[in-house]
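Each chain, letter by letter, is given below.
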Amino acid sequence: MKRKLICIVCPKGCEISVEYDETTKEVLNMTGHACRRGEEYARAECIAPKRTLTTTVRIKGGGLLPVRTDKPIPRELMFECMKVINRAEAPKDAKIGDVIIPNILGTGSNIIASANA
Amino acid sequence: MSDITASKRALVIIGAGPAGMSAAVAAYDHGIRDILIIERDNAPGGILRQCIHNGFGLHTFKEELTGPEFAYRFEEQVRERGIEIKLNTMVLDITPDRMVTAINEKEGVFTIEAGAIILAMGCRERSKGALNIPGTRPAGVFTAGTAQKYVNMQGYMPGKEVVILGSGDIGLIMARRMTLEGAVVKAVCEIMPYSNGLTRNIEQCLNDFNIPPLLSHTVVKLHGRERLTGVTIAEVDAQRRPIESTKKFIQCDTLLLSVGLIPENELSKSADVVLDRMTGGAEVDEFRQTSTEGIFACGNVLHVHDLADFAADEGAIAGRAVVDYLTGNLKQQKRIRVLTDGRVRYTVPQYITSGKDVTLYYRVSNIFRNATVGIYEGERKLLERRKIKLAPGEMETITLPASLIASIVGDTIRIGLEEDK
Ligand SMILES: Cc1cc2nc3c(=O)[nH]c(=O)nc-3n(C[C@H](O)[C@H](O)[C@H](O)COP(=O)(O)OP(=O)(O)OC[C@H]3O[C@@H](n4cnc5c(N)ncnc54)[C@H](O)[C@@H]3O)c2cc1C
Ligand code: SF4
């Protein structure tokens with residue numbers, strides 16, 4: 001598989017081309033990066049992209065609470081996580097930083113409040 | 001019941017967004033205690049309250065926060081210092097001699113005589129009226145920020161099938177947000193041949209969800225009577241005119257406009273503050289003092305910031321300077337105007353008045369690669385910096401050291417940009 005991506009690690013924004021094997025998760029060839037950090041970014045993006053998920057959860061009794069993952073989760077799990085979060089409810093007295101859903105989908109990442117309820 | 005005798009305050013700050021709160025904290029920490037922040041909303045935080053996505057604070061706190069978390073840090077600093085915020089209170093008018101008239105439910109209309117004022121009212125979004133899209137005027141057309149408020153604060157989805165006009169960051173963020181909540185974003189049309197959004201947002205908000213960014217495209221017609229049923233889009237030529245043969249209908253029930261922000265300066269005008277046509281905000285010196293003495297400005301009301309961190313930094317500059325102003329220590333020996341060459345579209349500040357190091361914030365008018373940005377007095381070079389890439393969407397800085405400022409003999413300098421041959 002071949003992919004072109006723009007490095008977002010620094011403002012230079014190098015366009016990096018990566019050729020990788022989807023089954024063995026091996027990078028076969030990479031061009032366009034100007035430094036190590038770019039190389040690492042491009043490798044992770046192709047092999048195991050991760051994202052911070054931010055959304056809202058209903059507060060018991062009404063209202064919305066902004067929440068986020070405390071560690072990035074695998075990108076392909078974003079929609080599954082949304083389903084779990086959309087079924088959940090946060091307590092009325094939730095405080096910024098409180099864990100609302102622990103270890104979501106076994107990712108090791110918690111859904112935490114990003115504001116006071 | 002309006003109050004006839006005005007009360008007095010040393011410093012009145014209008015707006016409790018990151019810029020206003022950061023200004024209050026800086027003013028307090030430099031010795032002023034009599035500070036009042038006036039905020040029309042029911043909570044402090046400004047626009048950040050609805051920006052629930054991450055990407056804030058990397059510069060200020062060295063960690064990646066969401067908008068509400070970033071705002072909360074400043075809220076805590078304001079609270080720890082016991083600085084007064086009047087919420088649910090809207091400033092109606094300010095005068096050149098710093099009389100602030102405001103209104104709220106409890107006190108009615110009241111006037112405060114301020115020793116100094118800091119303007120921190122933020123900005124508003126350009127909307128459809130300003131755009132002139134022909135066709136019907138059905139429901140279903142929102143600015144991206146309005147949609148953001150609906151989804152993130154009221155839990156209401158504006159629609160199911162979405163087209164976004166403009167590739168500003170708010171539009172990109174909303175493309176992702178609405179997709180995650182189950183909507184289908186069919187296209188993001190950008191009239192320019194490049195996106196104004198941060199690369200990171202293009203990657204993570206569009207590419208992650210296979211949403212096509214259509215560059216050099218615009219919406220030429222709206223369809224639908226009561227509710228939007230679709231839009232006609234077209235590619236544009238180099239003069240940004242739609243090309244007839246490329247017209248295409250896209251079915252959708254929602255159009256989001258993300259076509260830019262304008263500093264909110266109605267109040268500033270009533271205080272005779274001179275505005276810069278390029279920024280839409282006040283003309284200021286390095287202390288962020290406007291053309292009206294004792295009135296300062298910071299954050300998005302001064303010029304649109306993509307990073308809340310920079311808006312807060314600017315608040316701190318204004319807050320500190322106000323203390324010097326109120327104690328008679330604001331030393332202004334000269335007034336050097338900073339001119340721009342057009343490729344550099346604007347700078348803030350526009351004036352340099354003291355002998356200290358001054359950082360100029362600037363934006364460029366196009367995408368430039370391998371360029372030299374320089375500051376000159378006549379033909380004399382003061383300073384040059386190499387840039388690998390410059391884009392209109394990213395604010396840049398260049399610092400003019402005190403020693404060079406001291407060497408300026410006239411009253412204008414020029415900032416310009418030259419691409420490598
Ligand atoms: C939708 C959106 C998304 C963004 N995303 C990011 C991002 O991902 N990362 C990032 O770093 N930055 C982001 N930004 C930019 C950042 O949020 C702003 O630069 C920053 O919030 C500006 O702060 P401010 O204090 O100048 O204005 P604001 O936060 O807008 O605060 C202005 C305050 O003034 C109040 N006010 C206005 N007029 C009056 C009046 N007459 N009387 C009383 N009060 C008044 C308003 O109610 C408001 O609370 C985003 C901005 C927007 C609009
Ligand atoms: S590859 Fe290196 S130099 Fe290029 S954008 Fe990425 S971090 Fe910057």
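So, how was this worked out
- Residue positions within a chain follow its written sequence, with the count starting from 1.
- Throughout, the order in which chains and ligands are written sets their labels, letters from A for the former and numbers from 1 for the latter.
- Local features in this predicted model are restricted to residues whose pLDDT is 70 or higher, and side-chain atom pairs enter the listing and the counts only when it is 80 or higher, whereas totals over whole chains, interfaces and linings include all residues.
- The basis for the side-chain values is all heavy atoms of the structure; hydrogens and waters are excluded.
- Pairing between strands is defined by DSSP: at least two bridges between them are needed.
- Labels follow the DSSP assignment, with helices taken as runs of H or I lasting at least four residues and strands as runs of E lasting at least two, numbered in each case from the N terminus.
- With axes taken as lines fitted to C-alpha atoms, and helix axes fitted only over the stretch in contact, angles between N-to-C directions fall between 0 and 180 degrees.
- Here a cavity denotes grid points, spaced 1 Å and computed from the protein atoms alone, that fit a 1.4 Å probe unable to get out, and a pocket denotes an open set having protein on both sides within 12 Å along at least 5 of 7 lines; residues with an atom within 4 Å of a point are the lining.
- Grid points are joined across faces, edges and corners, and a volume is the space filled by probe spheres set on the points.
- Any residue outside Ala, Val, Leu, Ile, Met, Phe, Trp, Tyr, Cys, Pro, Asp, Glu, Lys and Arg is labelled polar, Gly included; the first ten of those are nonpolar and the last four are charged.
- In what follows, residue pairs with any heavy atoms lying within 4.5 Å of each other are defined as contacts.
- Here is the rule: rings of Phe, Tyr and Trp (six-membered ring for Trp) pair when centre to centre is within 6.5 Å. Planes less than 30 degrees apart are stacked, more than 60 are edge-to-face, and the remainder are tilted.
- Here's how the labels work: a residue is buried when its accessible area is under 20% of the maximum for its type, exposed when over 50%, partly exposed in between, all with a 1.4 Å probe on protein chains only.
- Put simply, a charge is over a ring when the Lys NZ or the Arg CZ is close to the ring centre, within 6 Å, and near the line of the ring normal, within 35 degrees.

A. Examining the sheet that holds strand β16 (residues 248-251) of chain B more closely. All names here are of chain B. Strand order in the open sheet formed by three strands is β14-β15-β16, with antiparallel pairing between adjacent strands. The strands lining the two open edges of the sheet, one partner per strand, are β14 (217-223) and β16. On average, each strand axis in the sheet is inclined to that of its neighbour by 30°, with strand direction left out of account. Here strand β15 (residues 230-235) pairs with β16 via four bridges, running antiparallel. The partner of Gly-230 across the bridge, within β16, is Gln-251.

B. Highlighting the layout of surface pockets. Reported here for the second largest pocket is a volume of approximately 810 Å³. Contributing to the lining of the second largest pocket are 38 residues, with Leu-5 and Ile-6 of chain A together with Ile-202, Glu-203 and Asn-207 of chain B lying nearest its centre. Contributing elements (two or more residues each) for the lining of the second largest pocket: β1 (2-6), β2 (15-21) and α1 (36-47) of chain A together with α5 (199-206) and β13 (213-215) of chain B. Of all the elements, β1 of chain A adds the most residues to the lining of the second largest pocket, at four residues. Looking at the lining of the second largest pocket, its residues break down into 16 nonpolar, eight polar and 14 charged.

C. The arrangement of the environment of Met-121 of chain B in detail. Residue and element names in this part refer to chain B. Following the sequence through the fold, Met-121 ends up in the loop between β8 (108-119) and β9 (123-125). The spacing of Met-121 and Tyr-150 is 29 residues in sequence and 21 Å in space, taken between C-alpha atoms. Filtering out sequence-adjacent residues up to four positions away, Met-121 remains in contact with Ile-14, Glu-264, Leu-267, Ser-268 and Val-301.

D. Layout of the sheet that holds strand β26 (residues 396-400) of chain B. Residues and elements named next belong to chain B. Pairing in this open sheet of three strands is antiparallel, and the strands run β21-β23-β26 from one edge to the other. Looking along the sheet, the strands with just one partner apiece sit at the ends: β21 (344-348) and β26. Each strand of the sheet is rotated relative to its neighbour by a mean of 30°, with strand direction disregarded. One ladder, built from four bridges, connects β21 with strand β23 (residues 358-364); its direction is antiparallel. Across the sheet, Thr-347 pairs through a bridge with Tyr-362, a residue of β23.

E. Region of interest: the packing of aromatic side chains. Residue and element names in this part refer to chain B. Evaluation of the coordinates by the stated rule reveals nine aromatic pairs over all chains. Between Phe-61 and Phe-70, the aromatic rings sit 5.6 Å apart at their centres with planes inclined by 70°, giving edge-to-face as the arrangement. When its relative accessible area of 0% is taken as the criterion, Phe-70 is described as buried. Its guanidinium or amino end placed over the ring of Phe-61, Arg-73 lies 4.9 Å from that ring's centre, counting from NZ or CZ.

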